[in-house]
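# Summary of structural features
Listed below are the residues making up each chain.
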Amino acid sequence: MALLYPDAHCELDFTDPLELLVATILSAQCTDKRVNKVTPTLFARYRDAADYAGADRAELEKIIHSTGFYRAKANSIIGLGQRLCAEHDGEVPGRLDDLVRLPGVGRKTANVVLGNAFGVPGITVDTHFGRLVRRFKMTDATDPVKVEHEIAALFPAGDWTMLSHRLVWHGRRVCHARRPACGACGVAKLCPSYGEGPVEPETAEALVRPGPFS
DNA sequence: ATCCCGAGGG
DNA sequence: CCCTCTGGAT
């Protein structure tokens, strides 16, 4: 597949596994700009897993407050530090099984870390990606695992980490949730949702209508 | 299925 | 004012 947006990039450009992991936890239900605003302070204050493990809860919450869900995120991050120290020698594990068991780390976060910090090609299905896929009717599934399999079948030997970045970017900047910019979309003509305005995945017709990949 | 939570856009 | 934001845990 042609690269639709050559300038697509990951705003959270961290190569350090721990920083990337923490930043990704913060990014839950939160825009990247707001995450980027707190990470300099955060990473200056806490440098390794032990720092997070022994963090003062109130202080940590204050630093990450503006990212929303600060209580749950602080819990996750402190618990994360403790678990890394107790079970992983203070290092971020590079295996999916281990990552997903960490507090505050789900499938999406784990895949981001694997792909970007460990170079493991993986598909990252997030809210943007999911919406885009449903609109494009690559699948009618909301199950991330099923979506990942569909994507894998469409792009067999590609760089899935970069592919995820590009499609996430596309979902964010073009295929908006509320009012998609179909005029700026390179694949609008291939999209079954195009021409009838915004079509939400819940609309049964959109799921039944034949598409280019069905 | 529901909760967690603040910020920014239309 | 209402919706959405690179989710995860219960």
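Residues numbered from 1 in each chain as written. Chains lettered and ligands numbered in written order. Predicted model: local features only at pLDDT ≥ 70, side-chain atom pairs only at ≥ 80, totals over all residues. Heavy atoms only, no water.

If you check an unreviewed UniProt entry, chain A appears there as Endonuclease III from Nocardiopsis ansamitocini. Here is the UniProt Sequence similarities (unreviewed entry) comment for chain A, exactly as written: "Belongs to the Nth/MutY family." Annotation of chain A in UniProt includes, under Catalytic activity (unreviewed entry), the sentence "2'-deoxyribonucleotide-(2'-deoxyribose 5'-phosphate)-2'-deoxyribonucleotide-DNA = a 3'-end 2'-deoxyribonucleotide-(2,3-dehydro-2,3-deoxyribose 5'-phosphate)-DNA + a 5'-end 5'-phospho-2'-deoxyribonucleoside-DNA + H(+)". (UniProt positions renumbered as here; feature names shortened; annotations may be inferred.)

## What about the protein's contact with DNA strand B?
Around DNA strand B, the structure places Gln29, Arg34, His65, Ser66, Gly68, Phe69, Tyr70, Arg71 and Ala72. Restricting attention to atoms of DNA strand B within 4 Å of the protein, one finds that 47% of them are sugar or phosphate atoms. In the environment of DNA strand B, a base nitrogen lies 2.4 Å from a nitrogen or oxygen atom belonging to the side chain of Arg34. Ala72 places a main-chain nitrogen or oxygen 3.4 Å from a phosphate oxygen of DNA strand B. In terms of residue count, helix α5 (residues 70-87) provides more of the surface near DNA strand B than any other element does, 3 residues in total. Considering only residue class, the surface near DNA strand B consists of 3 nonpolar, 4 polar and 2 charged. (Near = heavy atom within 4 Å. Polar contact = N/O pair within 3.5 Å; in protein donor to acceptor, adjacent residues only side chain to side chain. Helix = DSSP H or I, 4+ residues; strand = E, 2+ residues; numbered from the N terminus. Nonpolar A, V, L, I, M, F, W, Y, C, P; charged D, E, K, R; others polar.)

## Points about helix α8 (residues 127-136)
Counting buried positions along α8 yields 7 of 10 residues, so the element is predominantly enclosed. Within the sequence span of α8, burial applies to Phe129, Gly130, Arg131, Leu132, Val133, Arg135 and Phe136. Between the side-chain oxygen of the N-cap and the backbone nitrogen of His128 there are 3.0 Å, and the N-cap of α8 in question is Asp126. One or two positions beyond α8, positive phi appears at Lys137, with a value near 60°. (Buried < 20%, exposed > 50% of the residue type's maximum accessible area, 1.4 Å probe, protein only.)

## Some thoughts on the UniProt feature "binding site: [4Fe-4S] cluster" (unreviewed entry) in chain A
As recorded in UniProt, the sites labelled "binding site: [4Fe-4S] cluster" (unreviewed entry) are Cys175, Cys182, Cys185 and Cys191. Spanning 17 residues, the named residues form one tight spatial group whose C-alpha atoms are at most 11.0 Å apart. Residue position: Cys182 is located in the loop between α10 (160-173) and α11 (204-208). The exposure class assigned to Cys182 is partly exposed, which follows from its relative accessible area of 25%. If near-sequence neighbours (up to four positions away) are discounted, Cys182 is found in contact with Ala188 and Tyr194. (Contact = heavy atoms within 4.5 Å.)

## Comments concerning the protein's contact with DNA strand C
Residues in contact with DNA strand C amount to 23 residues; listed here are only the nearest, Gly104, Thr109, Thr127, His128 and Arg131. A share of 71% is what sugar and phosphate atoms reach among the atoms of DNA strand C within 4 Å of the protein. Within the backbone of Gly104, one N or O atom sits 2.8 Å away from a phosphate oxygen of DNA strand C. Contact between DNA strand C and Arg178: a phosphate oxygen at 3.3 Å from a side-chain N or O atom of the residue. The set of elements that each furnish at least two residues to the surface near DNA strand C consists of α2 (32-45), α7 (107-117) and α8. In the surface near DNA strand C, the residues fall into 6 nonpolar, 8 polar and 9 charged.

## Some points on the environment of Val105
Relative to the helices and strands, Val105 resides in the loop between α6 (96-101) and α7. A relative accessible area of 6% means that Val105 is categorised as buried. For the pair Val105 and Glu91, spaced 14 residues apart in the sequence, the C-alpha separation amounts to 15 Å. In this view, Val105 contacts Leu21, Ile25, Leu99, Val100 and Ala110; residues no more than four positions away in its chain are not counted.

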